[in-house]
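Now for the letters of each chain:
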Amino acid sequence: MIRTDKPIFYASISDRLPKPFCRINVMQTPAGYTLDYHLHEFYHVNHITGGSVDVMIAGHETRVEAGQTFILPACTAHRLTSENGYSQIGMDISPSDDDRCLFRTLECLTQQKFTVTSNHVTEAGYERLRALIDAPSLQNRMRAVNLAEAILLDSFESLRSRDPKCGDFVKRFTNMLSETPPWQLSLDDMCRQLGVSRACLERASKQLFGCGAVEYCARLRFKEICTLLKTTDLTLEAIAAKTGFCNAGHLSVFFTKRAGFTPGQYRISTSINTNFE
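Residues numbered from 1 in each chain as written. Predicted model: local features only at pLDDT ≥ 70, side-chain atom pairs only at ≥ 80, totals over all residues. Heavy atoms only, no water.

Draft legend 1. Here's a closer look at the pattern of salt bridges. Following the criterion strictly, the structure yields nine salt bridges and no others. Across the pair Arg198 and Asp188 runs a salt bridge, and its minimum N-O distance is 2.9 Å. Of this pair, Arg198 sits in helix 6 (residues 198-209) while Asp188 is found in helix 5 (residues 187-194), placing the two residues 10 residues apart along the sequence. Among the residues examined, Arg198 registers a relative accessible area of 45% and is labelled partly exposed. According to the relative accessible area criterion, Asp188 is partly exposed, its value standing at 35%. (Salt bridge = Lys/Arg side-chain N within 4 Å of Asp/Glu carboxyl O. Helix = DSSP H or I, 4+ residues; strand = E, 2+ residues; numbered from the N terminus. Buried < 20%, exposed > 50% of the residue type's maximum accessible area, 1.4 Å probe, protein only.)

Structure (structure tokens):
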């Protein structure tokens, strides 16, 4: 079989991406594809959506098939081969401190080692991202980042579920939040309900979520506000009441500090994105 290092199709976006993303790509390779040993200065996260690829590291070969993700730490020399070709959604994650702690979470969950895990990315997801990258308007760039981030978070959940201790903590933490809204829980409240010390809770939370427990709850609160802004026509006062704020002003300060723009601007942008579909 003739070997080639040329993909059938490759497209990416790399400018104006939020940290820690430095590139998002889609790629399809032919049968007989090979790429000799090389390395990157960033984390390589590749979600295989079709076919399979063999990853060679330090003389050890691992086959990664459709429905799986392989994660390469920075500066890991590796070789890629594929007898029948494969397609992928790829992300390059830079070693940087980002507001969402995505890179730190990636480091913790992989323990900075080559890792293979499952994913739920389909060929439809590949085609969706390919279409967004092919027409890189501002709105499509935002959609591409949102899709890539959702895929990355899905990988995080898959990695966490493989560790029984992680799974138990996440289950108890989730049960606690299903009974009490996160914005009503202080750090001491969470420690009492989970039966752990502050130090243990913070250590477990940072390992699993990439941030402290209070910050994680604040992120859930922010996510709930985003959902209500996007999917309802509730006033800011009503959303503030639902998410534990004294008034709309306090909600706006909280939201703007995290998002970099106001709740009203977010609502308008999501309405435009929805109408664009």
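Continuing now.
Draft legend 2. Structural context of helix 7 (residues 213-231). In this model helix 7 runs 27 Å from its N-terminal to its C-terminal C-alpha over 19 residues, within 8% of the 27 Å that 1.5 Å per residue would give. Within the span of helix 7, buried status applies to Ala213, Cys217, Ala218, Arg219, Arg221, Phe222, Ile225, Cys226, Leu228 and Leu229. (Expected span 1.5 Å × (residues − 1).)

Draft legend 3. Spotlight on the environment of Thr76. One can find Thr76 in the loop between strand 6 (68-72) and strand 7 (78-82). The buried category is assigned to Thr76, whose relative accessible area is 16%. It is 9.5 Å that separates the C-alpha atoms of Thr76 and Tyr37, two residues lying 39 residues apart in sequence. Beyond its immediate sequence surroundings of up to four residues, Thr76 is in contact with His38, Leu39 and Ile57. A distance of 3.0 Å separates the side chain of Thr76 from the backbone oxygen of Pro73, its partner in a polar contact. (Contact = heavy atoms within 4.5 Å. Polar contact = N/O pair within 3.5 Å; in protein donor to acceptor, adjacent residues only side chain to side chain.)

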